[in-house]
Amino acid sequence: MNSTAPLISVIIPCFNHGHYLHECIGSVKRSSWPNIEVIVVDDGSTDAATIAVYATSVVDGCTVIRKANAGLAAARNTGIEASTGNYILPLDADDRISPTYLEEAVQVLAQRPEVKVVYCQAEYFDGKVGAWHLPDFDMQTMLTQNLIFCSAMYRRADFDLTVGYNPNMIHGFEDWDFWLSLLESGGEVHRLPKVHFFYRVKEGSMVRSLNADKFHYLRRQVYLNHLAYYAAHFQDPVNQYFELDHLRPYKDSFYAIKHSLDYRIGRTLLAPMRSIKRLFVR
């Protein structure tokens, strides 16, 4: 550990993924950055093999925090609150980073105070391989879909100005919700041009297990968590959705609204109500 370099805290929540920890932690230990603390947060794992890992050399040099299961958002918050680094990088226990990711990311944050989030190009591995093609970052698009994976770097000082990862995102999307919390007060996002993040695709992951009801719940919860910010960017998404039916005979107006962000937000917000209506209207 080099005390002259800023400390980076890598936060690794783990729930029954102990068999991947050697790859995940190993990728961090191979980092070119000289000053890193690794905090593993065991989120109430029930798998005996995962629990056994915490007594092996896999976690040598790491801080391990064992807690009752409370979900990914709470586990990340626990790890960050225990950290002492200037910079934070969340990393899920089944993913990996390149040896130079931390160094390149921290250099951007150190040199450009206007930047709040640094991420990179990414690739899939394991169940799916190849490039993960993410759209270019744009804040208005970010309000309709997440554009940044969870393993991006940010300053601990900026985290402390938010409520952290919101535990009400109980089925996922907690990273999307957090990026909005971090960026709604301003700040830029920078994407490094090289592949530095490797995302494992496997059966049974949280995102792959989302059904339509959970998906609509989470999108609406993101909206409710940031109501004032959405209101500042969209005039009237709910009414714009309803007005579309009246404009169908007028093609130019119809398609202009159908492809607007207000309409897409309105459709998302009203999805649960449309599902309920179909139960009673035949």
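Everything here concerns the structure above.
In this numbering scheme, every chain counts its residues from 1 along its sequence in written order. Local features in this predicted model are restricted to residues of pLDDT 70 or higher, and side-chain atom pairs are both shown and tallied only at a pLDDT of 80 or more, whereas totals for entire chains, interfaces and linings draw on every residue. By convention in this description, side-chain values take in all heavy atoms of the structure and omit both hydrogens and water.

K.L.:
Any details on the overall build of the protein chain? Residues and values, ideally.
P.N.:
Each helix and strand counted, the protein chain has twelve helices and nine strands in total. Taking all 282 residues of the protein chain together, 50% fall into the buried category. Here, Shrake-Rupley sampling with a 1.4 Å probe gives the accessible areas, and only protein chains in the shown set may cover a residue. For the protein chain, the exposed area adds up to about 13,800 Å²; of that, 53% sits on carbon and sulfur atoms. Starting at the N terminus, helices and strands are each numbered in turn, a helix being any DSSP run of H or I of at least four residues and a strand any DSSP run of E of at least two. Think of it in three bands: with a 1.4 Å probe and only protein chains considered, a residue is buried below 20% of the maximum accessible area for its type, exposed above 50%, and partly exposed in between.

K.L.:
Which residues make up the sheet that holds strand β8 (residues 154-155), and what values do they have?
P.N.:
The strands that make up a sheet pair up through hydrogen bonds in the backbone, lying either parallel or antiparallel. Spatially, β3-β2-β1-β4-β8 is the arrangement adopted by the five strands of the open sheet, whose pairing is mixed. Every other strand in the sheet has two partners, leaving β3 (63-67) and β8 as the edge strands with one partner each. Paired strands, as defined in this entry, are two strands with at least two bridges between them according to DSSP. Across two bridges, strand β4 (residues 87-90) lies against β8 in antiparallel orientation. Bridge assignment links Ile-88 to a residue of β8, and that residue is Tyr-154. In this analysis, two residues are considered to be in contact whenever any of their non-hydrogen atoms come within 4.5 Å of each other. Axis angles are defined between N-to-C directions and span 0 to 180 degrees, where every axis is a line fitted to C-alpha atoms and, for a helix, only to the segment in contact. The sheet strands contacting helix α1 (residues 21-29) are β1 (8-14) and β2 (36-43), and the helix crosses β1 at an angle near 175°. Lying over the sheet, helix α4 (residues 101-111) contacts β1, β2, β4 and β8, oriented at roughly 140° with respect to β4.

K.L.:
Lay out the packing of helix α7 (residues 174-183) against helix α8 (residues 212-225) in plain terms, naming residues and giving numbers.
P.N.:
Where α7 meets α8, the axes come as close as 10 Å, and the angle between the chain directions of the two elements is 20°. Compared by their axis directions, α7 and α8 come out roughly parallel. As for how α7 packs across α8, the hand of that crossing is right-handed. On the side of α7, the interface is formed by Trp-176, Asp-177 and Leu-180, while α8 contributes Arg-219, Val-222 and Asn-225. What sets the label is the angle itself: under 35 degrees gives roughly parallel, over 145 gives roughly antiparallel, 65 to 115 gives roughly perpendicular, and the rest give oblique. Note: crossing handedness is left-handed where the near helix turns anticlockwise from the far helix by less than a right angle, and right-handed where it turns clockwise.

K.L.:
Quick one: what's the story with the packing of aromatic side chains, residue by residue and with numbers?
P.N.:
When two rings of Phe, Tyr or Trp (its six-membered ring) have centres within 6.5 Å they constitute a pair, described as stacked for plane angles under 30 degrees, edge-to-face for angles over 60, and tilted for the intermediate range. All told, the structure shown has 17 aromatic pairs when counted by the stated rule. Centre to centre, the rings of Phe-173 and Trp-176 are 5.7 Å apart; their planes meet at 70°, and the pair counts as edge-to-face. Members of the aromatic cluster, each reached through a chain of ring pairs, are Tyr-119, Tyr-124, Trp-132, Phe-149, Phe-197 and Tyr-199. Two thresholds decide whether a charge sits over a ring: the Lys NZ or Arg CZ must be within 6 Å of the ring centre and within 35 degrees of the ring normal. Directly above the ring of Phe-125 sits Arg-96, whose terminal nitrogen or CZ lies 4.1 Å from the centroid. In this structure, Lys-128 is placed above the aromatic ring of Tyr-124, and the distance from its NZ or CZ to the ring centre is 4.3 Å.

Nothing here speaks to function; it is all geometry.
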